[in-house]
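Chain by chain, the residues:
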Amino acid sequence: MKFHGIVLKEPLGMPLFGLKFGKKKLKEEERNLQANNRDFNLQFEYANNSIKTSKYNFFTFLPLNLFEQFQRIANAYFLFLLILQLIPQVSSLSWFTTVVPLVLVLTVSGAKDAIDDFNRHKSDNHVNNRPVQVLINGRLKADKWMNIQVGDIIKLENNNFVTADLLLLSSSEPHSLTYIETAELDGETNLKVKQALTVTADLGENLQKLTDFNGEIKCEAPNNKLDKFTGTLTLHGEKFALDNEKLLLRGCTIRNTEWCFGLVIYAGPDTKLMQNSGKTTFKRTSIDRLMNVLVLVIFAFLALMCFILAIGNGIWEYDKGYYFQIYLPWADGVDSAPYSGFLMFWSYVIILNTVVPISLYVSVEIIRLGNSFYIDWDRKMYYPLNDTPAQARTTTLNEELGQIKYIFSDKTGTLTQNIMAFNKCSINGKSYGEVYDMAGQRIEITENTEKVDFSYNPLADPKFAFYDHSLVEAMKLGDAAAHGFFRLLSLCHTVMPEEKKEGNLVYQAQSPDEGALVTAARNFGFVFRARTPETITVVEMGETKIYELLAILDFNNVRKRMSVIVRSPEGDLTLYCKGADTILYELLHSSCEALKEETMEHLNEFAGEGLRTLVVAYKALQKDYFEDWHKRHHEASTALDGREEKLSELYEEIEKDLMLLGATAIEDKLQDGVPQTIEILTKANIKIWVLTGDKQETAVNIGYSCNMLHDDMKDVFIIEGNTSEDVLNELRSARKKMKPDSFLDSDEINIKFENPSKKSRILPEEQANGVYGLVINGHSLAYALEGNLEFELVRTACMCKVVICCRVTPLQKAQVVELVKKYKKAVTLAIGDGANDVSMIKTAHIGIGISGQEGMQAVLSSDFSFAQFRYLQRLLLVHGRWSYIRMCKFLRYFFYKNFAFTLVHFWYGFFSGFSAQTVYDQWFITLYNLVYTSLPVLGMSLFDQDVDDRWSMLFPRLYEPGQQNLYFNKIEFVKCVLHGIYSSLVLFFIPYGAMYGAVRSDGKAIADYQSFALMAQTCLLIVVSVQIGLDTSYWTAVNQFFIWGSLSVYFAIIFTMYSDGMYLIFTASFPFIGTARNTLSQPSVWLAIFLSIILCVLPVVGCRFLKAQIMPTVSDKVLRKIREAKKRPPSPLPKMRLRRTSTRRSGYAFSHQHGFGALIMSGRNMRPKLPFTTTGTFSPNSEKNRHK
């Protein structure tokens, strides 16, 4: 027997430590399994259906977490310091100065990791313990998802989630059809149809037959292709082909199907849903990466300082210390000046280690956690309709939200609600849908506008809303054109009706557009009630009529139209057609010219409002001609060769000389506030790319509706080449129009990229000579993402303001994001709602999941989630900007205060024989970062805001400094270091000068070491406290309490520690007896402290003032405008309706599958019994129905 092997891949998110080590597993190339034979399937060691995303268990948490934490350079460095401090010859500080903060850091980080992993365990358990019915030994047994194995047969019922990737065996529906909703996979809520093989459909729900089923499956190895599956079923020696139409994927939901049975093909991590989840990567912010570089620079700086001081010690000991040993003997084991210098190097490493304080990492985690809570608590990002708050699922990326340059968005369910609404129409040259007042002025439709009352129609859909009463009046008056219009809409479609209770109609449409049109006809009196393969039942203004369905001329992407041919109860033959205006206008009868002009005006108006338009027309057919055509049609449809071409010719022949009825306008409902959000984000200099699986016309139409594309643009380039060469030419043509100079040899980028061996592949920003858009479809994108073309694609696309990629696969979405990450030094954000967006969400620097009706797969993989796209502007412009500013202020201040603190030791070394004696009391060194200066900087980092949320949204340009990373970078770090060096010089030499030879008022000297240490540390603490006051823009009671409280605690502690009592109890630990009361009682000391403050602070204030006046930044200019605006009374935000005037017409508004018409005509999807299939009349106004 052939051994097919196992995939090496671990379950997604599972660490290496979770795998069983043993024999090496082979890569799976083909899957082989038997139904109802666990023993046979177990030999291949296929993955079971359990999902594991957690990293630790109870026993592995401590060793693994500590191992991970000590992989951080800083933590390993502090462990090394602790070991140094335990060596007596080099220890210059007590061990507790490092142990206390190190344990605190490890505990806080460990607790955070434990909580995150606990939540992952909960999520895993919730999914793994879902119930399912599995067939075992001829009986259905209730079991958990995680126990399901490959080869098991399971039963699913209506509204159940699909447990694993299943081969559909049988279902309750005719011909074993099963309806599924793929919202978890692609964000689409319209139903899709799957059908079992005839040979397995006969199994039905007979448990004995299902138990005896022993088919053998051979199929492809697990992969991430959602729309492709190939395999074979071998049963009783006969082979049957398997394809994607027979596969139910994990993540789908069963709809309108009482029950179905399926055979597990792929389970758990092998399912296409999990394979599409992409690789979970550890995301780090640009500030994190910069900090790692800076920490290495600081280490080098620390080593340099220690080396200088060690050399100084060697020289001093050789020159003076050697002769000074009687008074100051060398330590045991030290027998030469060079060896003394070597030991002093390590002693100074310990003393000067505070340039990289361990509390930095704790503080960063606390700040990020605090700013994450602000997102969770923000009521303005809470969506009450489905009780969904915003959620920061990751606490380590907040400041990155303030630096976004590119947004990659899905369309369906993210920008749109995936809900279609019949908005307007044009019938016989008259436009309906607008509302006018008594003076004939158009009124804007709002929530308060009076809706049309459809209560006279008991079969009307109560959720349908229309505002133009004149159309209802025309229907009631029997307007022939209006009746013909809605008769067409009730007949020309592929919708399936469901009526479980009489009068309670539910339409199952393959395309939401079709559902909207049929629902509109239903409300206006033409109710599509039932269908069989041969008939369509319609209730026309209360009278039931049964039309004979003779042919469906199906939709495809080339025809861009569909038609039906019906025979009315009166015997009239009619062809009804609807389709894209550009196509149908070529097929109209010459007598329609005048009506064409009027309808065209209406079409332009509808398209100008971003509505999706269709033209509807009809044609009366002669009986003799139709019979001849129908005969030829039957021959063509059964032809073995050239079937599609023959059918297409026949369709073209009969769909001529049509009579125009009018046009429909459907609104693809955007999520609330989408156009305004996009407009504001664009003003913040954020570029928006839409990556959608939808077809080009739909995506472009939404682009205009969202105000991404507009007529003021110089051009919108369409890239649709079918070869690499075509795509390259189209991209170059676009670039030449946007920036002709980019083809010159002297162009900076051409020079830079001439040499392919250069490491730096970052593309600088290029400015186009206007505002442009780019639309590229999936097959062209596939060529553009290949080796040589990707550079051309990213260069051309990044010059455009908006990019729309249509018909893209989940993998292509991730590739586009990766491309921009590779060539642009920019922070990217991906936002989506379905499983098809997961790989894009994981690839981008920031991933956002929309938690709506489309499932939770995207949310589970995201870093942040909320319910509506419009909340994105608040997340970025308010929370993101504040988080970025706070983090940058924190880092600038933190590095400054620690350089100022530590470098005083460096200067003191030159005056203490380079003996590694500390300037400050050891308790002050221990408590400086943990107690005295931690809370004030945390207060600023958690509460500071330069402007409030309202101004942040009104002035999006305030966001730009974050994109350019202006507030904390290598230059800003150098400024912090220079500021710290300057302050340390002041803080050492002013107290030194003040103490030198000084006496108290009673004539006693105060120039002792302890008095100097106290004065230096008091100066330092007051100076850094004043500096935090200067850095704080937004004062709260908490900030005041932290700053004044920290100073009060400092003075309380030193007076307590330096008291007689503490000295008597702990003599060795508190040697500074009486220093505080003796030193701080001298006026000269306070004068020196005041002088230190002035010298440290004055240059900072002066520089900031001059910079704002002479070289103001974008922020300075905007802040000046805000200050001026605050003096005036606030004006209310304008509530404008976003409208667009355009000559552009939207494309064909359908998205249902080609071939669905043939399925209807075959009757394979029909139930054997339908509620209304008899002839006769049914009046919605009858007594029976009126009193229901």
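In this text the structure is predicted, and so the values were computed from the model without any measurement.

### Focus on the overall build of the protein
Along the backbone of the protein there are 41 helices and 35 strands. A buried classification covers 56% of the 1188 residues belonging to the protein. Taking as baseline every contact in the protein between residues at least 6 positions apart, the subset at least 24 positions apart corresponds to 74%. Carbon and sulfur atoms make up 58% of the accessible area of the protein, which totals about 52,500 Å².

### Brief notes about the side chain of R522
Mapped onto the fold, R522 is located in helix α14 (residues 512-523). Look at R522: it is buried, it has no salt bridge, and the nearest opposite charge is D461 at 4.4 Å. Among the polar contacts listed, one links the side chain of R522 to the backbone oxygen of L505, at a separation of 3.4 Å. Setting aside chain neighbours within four positions, we find R522 in contact with N457, L459, A460, D461, L505, Y507 and V527.

### Points about the sheet that holds strand β5 (residues 165-171)
The strand order across the open sheet formed by 6 strands is β3-β2-β4-β13-β5-β11, and the pairing between neighbours is antiparallel. If you trace the sheet from one side to the other, it starts and ends with β3 (139-144) and β11 (247-248), each paired once.

### What about the pattern of salt bridges?
Applying the stated rule across the entire model yields 45 salt bridges. The closest approach of N and O atoms between R561 and E652, which form a salt bridge, is 3.4 Å. Here R561, found in strand β25 (residues 561-567), pairs with E652, found in helix α18 (residues 643-654); they are 91 residues apart in sequence, far enough to count as distant. A salt bridge links R870 to D672; the nearest nitrogen and oxygen atoms lie 3.9 Å apart. Taken together, the residues span a long stretch of sequence, with R870 in the loop between β35 (864-866) and α28 (871-909) and D672 in the loop between β28 (659-670) and α19 (674-683) at a distance of 198 residues. For R870, a relative accessible area of 24% corresponds to the partly exposed category. Here the residues in one salt-bridge network are D378, K380, R874 and D949, joined through shared partners.

### Some words on the nonpolar core
If you look at the biggest cluster of nonpolar residues, it comprises 99 residues, and the most contacted ones within it are L360, F890, L891, F895, Y920 and L1020. Ranked by residues supplied to this core, first place goes to α28 with 17 residues. In this structure, L471, L491, F526 and M562 belong to the second largest nonpolar core, which totals 53 residues.

### What to know about the pairing of strand β4 (residues 153-157)
For β4, the tally of buried residues reaches 4 of 5 residues, placing the bulk of the element in the interior. The pairing of strand β2 (residues 131-136) with β4 spans 2 bridges and is antiparallel. Each residue of the ladder has a partner; that of Q133, found in β4, is K155. Two elements, β4 and strand β13 (residues 259-266), share 5 bridges in a ladder whose sense is antiparallel. Considered in β13, the bridge of I153 is made with L263.

### As for the pairing of strand β8 (residues 216-220)
As paired elements, strand β1 (residues 30-34) and β8 share 5 bridges and run antiparallel to each other. Bridged to N32 within β8 is K218. With 4 bridges connecting them, β8 and strand β9 (residues 231-235) associate as antiparallel partners. Looking at β9, one finds that C219 is bridged to G231.

### Some details on unusual backbone geometry
Of note, R807 is a non-glycine position whose phi angle comes to about 50°, a positive value. With respect to the helices and strands, the residue R807 is situated in the loop between β32 (802-806) and α25 (810-823). For R807, a relative accessible area of 45% puts it in the partly exposed group. Its identity as a non-glycine residue notwithstanding, N965 has a phi of 55°, on the positive side. Residue placement: N965 occurs in the loop between α32 (960-963) and α33 (970-995).

### Overview of the sheet that holds strand β7 (residues 191-195)
Sheet strands associate in pairs through backbone hydrogen bonding, adopting either a parallel or an antiparallel arrangement. Taking strand neighbours across the sheet as the criterion, the 3 strands line up as β7-β6-β12 in an open arrangement whose pairing is antiparallel. For this open sheet the edge positions go to β7 and β12 (253-255), each flanked by a neighbour on one side alone. Neighbour-to-neighbour, the strand axes of this sheet turn through a mean angle of 45°, independent of strand direction. As defined by bridge partners, strand β6 (residues 177-181) adjoins β7 across 5 bridges and the pair is classed as antiparallel. Following the sheet pairing, T178 is matched in β7 by K194.

### Structural notes on the packing of helix α29 (residues 922-932) against helix α30 (residues 934-943)
If you want to describe how two helices pack, look at the angle between their axes and the distance between the axes. Taken N-terminus to C-terminus, the directions of α29 and α30 make an angle of 25°; their axes are 5 Å apart at the nearest point. Accordingly, the angle class assigned to the pair α29 and α30 is roughly parallel. Packed against α29, whose contacting residues are N929, L930, V931 and Y932, the element α30 presents S934, L935 and P936 at the interface. Residue classes in the contact of α29 with α30 are distributed as 5 nonpolar, 2 polar and no charged.

### Observations concerning the environment of A521
Counting through the fold element by element, A521 comes out in helix α14. Assessed through its relative accessible area of 0%, A521 is described here as buried.

### Observations regarding a positive patch on the surface
A surface patch of positive charge is lined by K1117, R1120, R1123, K1126 and K1127. Of note, K1117 is situated in helix α39 (residues 1114-1127). Judged by relative accessible area, which is 48%, K1117 ranks as partly exposed.

### Description of the environment of N125
One can find N125 in helix α4 (residues 96-128). Residues N125 and I51 lie 74 residues apart in sequence; the distance between their C-alpha atoms is 8.6 Å.

### As for α28
Given a rise of 1.5 Å per residue, 39 residues ought to cover 57 Å, and the 56 Å separating the end C-alpha atoms of α28 matches this to within 8%. Along α28, the helix axis deviates most sharply at G880, where the bend reaches about 30°. For α28, the buried fraction is high: 38 of the 39 residues fall into the buried class.

### Topic: the confidence of the model for the protein
Confidence in the prediction for the protein averages 83 pLDDT; 86% of positions are at 70 or higher. A low-confidence stretch, residues 1135-1147 (pLDDT under 50), is modelled with 41 contacts involving residues beyond four sequence positions or located in other chains. Low pLDDT, under 50, characterises residues 1169-1188; the stretch is placed with 36 contacts to residues that sit more than four places away or in other chains.

### Considering a nonpolar patch on the surface
Residues L304, I308, F910, F911, L985 and F989 make up a contiguous nonpolar surface patch of roughly 520 Å² in combined accessible area. Only α9 (286-319) and α33 provide two or more residues apiece to the nonpolar patch. Tracing the chain through its elements places F989 in helix α33. You can call F989 partly exposed: its relative accessible area is 36%.

Rules used throughout
- Residues numbered from 1 in each chain as written.
- Predicted model: local features only at pLDDT ≥ 70, side-chain atom pairs only at ≥ 80, totals over all residues.
- Heavy atoms only, no water.
- Helix = DSSP H or I, 4+ residues; strand = E, 2+ residues; numbered from the N terminus.
- Buried < 20%, exposed > 50% of the residue type's maximum accessible area, 1.4 Å probe, protein only.
- Contact = heavy atoms within 4.5 Å.
- Areas by Shrake-Rupley, 256 points an atom, 1.4 Å probe, with all protein chains shown as cover.
- Lys, Arg positive; Asp, Glu negative; His and termini not counted.
- Salt bridge = Lys/Arg side-chain N within 4 Å of Asp/Glu carboxyl O.
- Polar contact = N/O pair within 3.5 Å; in protein donor to acceptor, adjacent residues only side chain to side chain.
- Pairing = 2+ DSSP bridges.
- Core = buried A, V, L, I, M, F, W, Y, C linked by side-chain atoms within 4.5 Å.
- Axes fitted to C-alpha atoms, helices over the stretch in contact; angles between N-to-C directions.
- Parallel < 35°, antiparallel > 145°, perpendicular 65-115°, else oblique.
- Nonpolar A, V, L, I, M, F, W, Y, C, P; charged D, E, K, R; others polar.
- Patch = residues over 30% accessible without salt bridge, like charges linked within 9 Å, V, L, I, M, F, W, Y side chains within 5 Å.
- Charge placed at Lys NZ, Arg CZ, Asp CG, Glu CD.
- Expected span 1.5 Å × (residues − 1).
- Bend = angle between axes of the 7 residues up to and from the residue.
- pLDDT = per-residue confidence, 0-100.

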